[in-house]
Amino acid sequence: MATARKPAGDLTGRAAEKLAAERDSEAKERAKTMATATIVAESERSNTVVDLVAPPEPEVEEQPVVVEESDRVIRVNAELTDVVIGQGNYYNFEVGVQYRVPAHVAAHLEEKGVLWH
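Residues numbered from 1 in each chain as written. Predicted model: local features only at pLDDT ≥ 70, side-chain atom pairs only at ≥ 80, totals over all residues. Heavy atoms only, no water.

Draft legend 1. Expanded view of the packing of aromatic side chains. This structure, assessed with the given rule, holds two aromatic pairs. Plain terms: the ring middles of Tyr91 and Phe93 are 5.9 Å apart, the flat faces sit at 15° to each other, and that makes the pair stacked. Residue class for Phe93 comes out buried when judged on its relative accessible area of 2%. Measuring from centroid to centroid gives 5.0 Å for Phe93 and Tyr99, while their planes differ by 85°, and the two rings are edge-to-face. No difference in accessibility class separates Phe93 from Tyr99, as the two residues are buried. Joined through ring pairs, the aromatic side chains of Tyr91, Phe93 and Tyr99 make up one cluster. (Phe/Tyr/Trp six-rings, centres within 6.5 Å; stacked < 30°, edge-to-face > 60°. Buried < 20%, exposed > 50% of the residue type's maximum accessible area, 1.4 Å probe, protein only.)

Draft legend 2. Representation of the nonpolar core. Ile74, Leu80, Phe93, Val101, Val105 and Leu109 are the most contacted members of the largest nonpolar core, which totals 13 residues. Elements represented by at least two residues in this core include exactly strand S2 (80-84), strand S4 (99-101) and helix H2 (103-112). No other element matches H2, which puts three residues into this core. (Core = buried A, V, L, I, M, F, W, Y, C linked by side-chain atoms within 4.5 Å. Helix = DSSP H or I, 4+ residues; strand = E, 2+ residues; numbered from the N terminus.)

Draft legend 3. The arrangement of unusual backbone geometry in detail. Backbone geometry places Asp82, a non-glycine residue, at a positive phi of 50°. Summarising the element assignment, Asp82 is placed in strand S2.

Draft legend 4. Representation of the pairing of S2 within the structure. Judged from the three bridges that link them, S2 and strand S3 (residues 90-93) form a sheet pairing that is antiparallel. Among the inter-strand pairings, Leu80 is bridged to a residue of S3, identified as Phe93. A loop of five residues connects S2 with S3, the two strands running antiparallel in sequence, and Gly86 in this loop sits at a positive phi of about 90°. (Pairing = 2+ DSSP bridges.)

Printed below as a string of structure tokens:
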């Protein structure tokens with residue numbers, strides 16, 4: 001089906017026809033380059049060997065080793081009742097009694113200034 005040509009005085013119609021023709025030719029060129037890119041990608045894919053025999057090596061993230069101090073023996077210089085150190089950890093301490101506690105508890109009490117030296 002043939003399209004009718006625009007009259008000589010219809011400059012907008014002629015410009016639209018020209019732009020439509022340019023757009024169509026650009027679309028054809030892009031389609032050719034896309035087809036070429038697809039062929040290249042498929043050929044690269046066909047030349048790649050996927051090794052399913054050897055298990056993949058896991059990625060190991062190295063982390064520094066943190067060595068916690070062992071338990072410590074402490075004495076407090078004040079009566080402490082229902083001291084919360086950490087979630088759900090309640091402690092009671094009496095003056096003059098030695099206690100074996102985890103290092104983080106001793107460090108916390110040292111920071112508060114309630115340990116006997």
